Amino acid sequence: TCHEAFPSRNALFRHFRETGCGGEAPRRVDRFVVLYGYLGTPFHGSQRNAAEDEATCPTVEGQLLAAIEATALSQPNVVAACAEVHSRTSRTDR
């Protein structure tokens, strides 16, 4: 660790983001927005279940996140991947 002093938490986190602190190369973080539609017949809802339930009761969100992580990990030079949901909305028209 670099043992630098920072005037604020924002400055500290900016330092972490830009330098990786400790001489490491900064991590690359990609962010995406995904818009999708689906037919719900094979799924048990849209919002992800607990990991242990996802195998027997797959959800749209669970399957989509698993596919994103698997695709990311199949790319060269990718050693870790984590797909997260920060916001969701849905509408059912009949």
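Further up the page is the structure itself.
Presented here is an overview of the structure given in this document.

1. Here's the deal with the overall build of the protein chain
Here comes step 1: When you go through the protein chain residue by residue, the secondary structure sums to 3 helices and 0 strands.
Here comes step 2: Secondary structure elements of the protein chain, listed N to C terminal, follow the sequence α-α-α.
Here comes step 3: Counting only C-alpha atoms, the protein chain reaches 60 × 30 × 25 Å along its principal axes.
Here comes step 4: Within the protein chain, buried positions represent 12% of all 94 residues.

2. Notes on the packing of aromatic side chains
Two aromatic rings, taken as a pair, are described by how far apart their centres are and by the angle between their planes.
Here comes step 1: Inspection of every chain in the model, using the stated rule, returns 2 aromatic pairs.
Here comes step 2: With a centroid separation of 6.2 Å and an interplanar angle of 35°, the aromatic rings of tyrosine 36 and tyrosine 38 are classed as tilted.
Here comes step 3: An aromatic cluster is built from Tyr36, Tyr38 and Phe43, whose rings are joined through pairwise contacts.

3. A closer look at the environment of glutamine 47
Here comes step 1: Checked against the element boundaries, glutamine 47 lands in the loop between helix H1 (9–19) and helix H2 (51–54).
Here comes step 2: Counting along the chain gives 14 residues from glutamine 47 to glutamate 61, while the straight-line C-alpha distance between them is 5.5 Å.
Here comes step 3: Ignoring any residue separated from it by four or fewer positions in sequence, one finds glutamine 47 in contact with Thr59, Glu61 and Arg88.

What counts as what
- Residues numbered from 1 in each chain as written.
- Predicted model: local features only at pLDDT ≥ 70, side-chain atom pairs only at ≥ 80, totals over all residues.
- Heavy atoms only, no water.
- Helix = DSSP H or I, 4+ residues; strand = E, 2+ residues; numbered from the N terminus.
- Buried < 20%, exposed > 50% of the residue type's maximum accessible area, 1.4 Å probe, protein only.
- Phe/Tyr/Trp six-rings, centres within 6.5 Å; stacked < 30°, edge-to-face > 60°.
- Contact = heavy atoms within 4.5 Å.

Fair warning: the whole summary comes from geometry, so function is off the table for now.
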